[in-house]
Amino acid sequence: MKQIETIKKGENYSAVNIGKVDEIKDYVLPMGPDVTIQGKVFAGQAVDATGSEFSFQTLVPGQDSGFLHQHKTHEEIYIILRGEGHYQVDGEIFPVSEGSIVRVAPNGKRALKNTGTEPLTMLCIQYKAGAFGEADSPMTDGIILPDELKW
């Protein structure tokens, strides 16, 4: 089974490598005694993320996510990195392809299916719904430092 590689960790950072995008299909995610998901890896804990979780998943042609699901408190953003398919939310089905971004509220009943002829790879970011407000804009939260870059 493919494993996440730790690159380096410090006081204020963690860096890992999940491998090439084409290798995501080689991960196996155990979800319980009778459920495993081929081609999915969660990486938030590997980088010690404290405000979100994220996963990468590759679906081969014809493969779907296996089940509808929803969350108790987490909103999700799905970013399609490669391929094409259909996304289902609350019974509505629409096409997605490379560059598509889908946000789903916690109660949304969701699933994804690869309807193309190539692997479909996506990044899913989940975080607590309602955690960000107007004051949390990246334009106001970020601080540009005068420190010299060292390459």
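Residues numbered from 1 in each chain as written. Predicted model: local features only at pLDDT ≥ 70, side-chain atom pairs only at ≥ 80, totals over all residues. Heavy atoms only, no water.

Enquirer: Could you give an account of the overall build of the protein chain, naming the residues involved and the relevant values?
Expert: Summing up its helical and strand segments, the protein chain has one helix and twelve strands in all. Ordered by position in the sequence, the α and β elements of the protein chain form the string β-β-β-β-β-β-β-β-β-β-β-β-α. Seen along its three principal axes, the alpha-carbon backbone of the protein chain occupies a region of about 50 × 35 × 30 Å. The buried share among the 151 residues of the protein chain stands at 29%. Within the protein chain, contacts between residues at least 6 apart in sequence are counted, and of these 59% link residues at least 24 apart. (Helix = DSSP H or I, 4+ residues; strand = E, 2+ residues; numbered from the N terminus. Buried < 20%, exposed > 50% of the residue type's maximum accessible area, 1.4 Å probe, protein only. Contact = heavy atoms within 4.5 Å.)

Enquirer: Hey, could you go over the layout of surface pockets for me, with residue numbers and the actual values?
Expert: Computed from the structure, the largest pocket encloses a volume of approximately 270 Å³. Taken together, 20 residues form the lining of the largest pocket, with Ile37, Lys40, Phe67, His69 and Tyr78 sitting closest to its centre. Among the secondary structure elements, those contributing two or more residues to the lining of the largest pocket are strand E5 (40-42), strand E6 (53-59), strand E7 (74-82), strand E11 (110-114) and strand E12 (120-128). Considering only enclosed or pocket space, the second largest pocket measures out at about 220 Å³ in volume. Forming the walls of the second largest pocket are 15 residues, and the residues nearest its centre are Ile4, Tyr27, Leu29, Val41 and Phe42. Secondary-structure elements contributing two or more residues to the lining of the second largest pocket are strand E3 (28-32) and E5. The dominant element in the lining of the second largest pocket, judged by the number of residues it contributes, is E5, at three residues. When its residues are assigned to classes, the lining of the second largest pocket shows nine nonpolar, three polar and three charged. (1 Å grid on protein atoms, 1.4 Å probe; cavity = no way out; pocket = protein on both sides within 12 Å on 5 of 7 lines; lining within 4 Å. Points joined across faces, edges and corners; volume = space filled by probe spheres on them. Nonpolar A, V, L, I, M, F, W, Y, C, P; charged D, E, K, R; others polar.)

Enquirer: Explain the sheet that holds strand E9 (residues 92-97) to me, and be specific about the residues and the numbers.
Expert: Each strand in a sheet pairs with its neighbour through backbone hydrogen bonds, running either in the same direction (parallel) or in the opposite one (antiparallel). Reading across the sheet, the three strands line up as E9-E8-E11 and stay open at both edges, with antiparallel pairing between neighbours. The open sheet has two edge strands, E9 and E11, and neither has a second partner. Between one strand axis and the next, the sheet turns through 25 degrees on average, direction left out of account. Examined bridge by bridge, strand E8 (residues 84-89) and E11 share five bridges and lie antiparallel to one another. Among the inter-strand pairings, Val89 is bridged to a residue of E11, identified as Arg110. (Pairing = 2+ DSSP bridges. Axes fitted to C-alpha atoms, helices over the stretch in contact; angles between N-to-C directions.)

Enquirer: Can you lay out unusual backbone geometry for me, pointing to particular residues and giving the numbers?
Expert: Look at Asp48: it is not a glycine, yet its phi comes out positive at around 60 degrees. Within the secondary structure, Asp48 sits in the loop between E5 and E6. Positive phi values are uncommon outside glycine, yet Asp90 reaches one of about 50 degrees. Looking at where Asp90 falls in the secondary structure, it is placed in the loop between E8 and E9. Judged by its relative accessible area of 51%, Asp90 is exposed.

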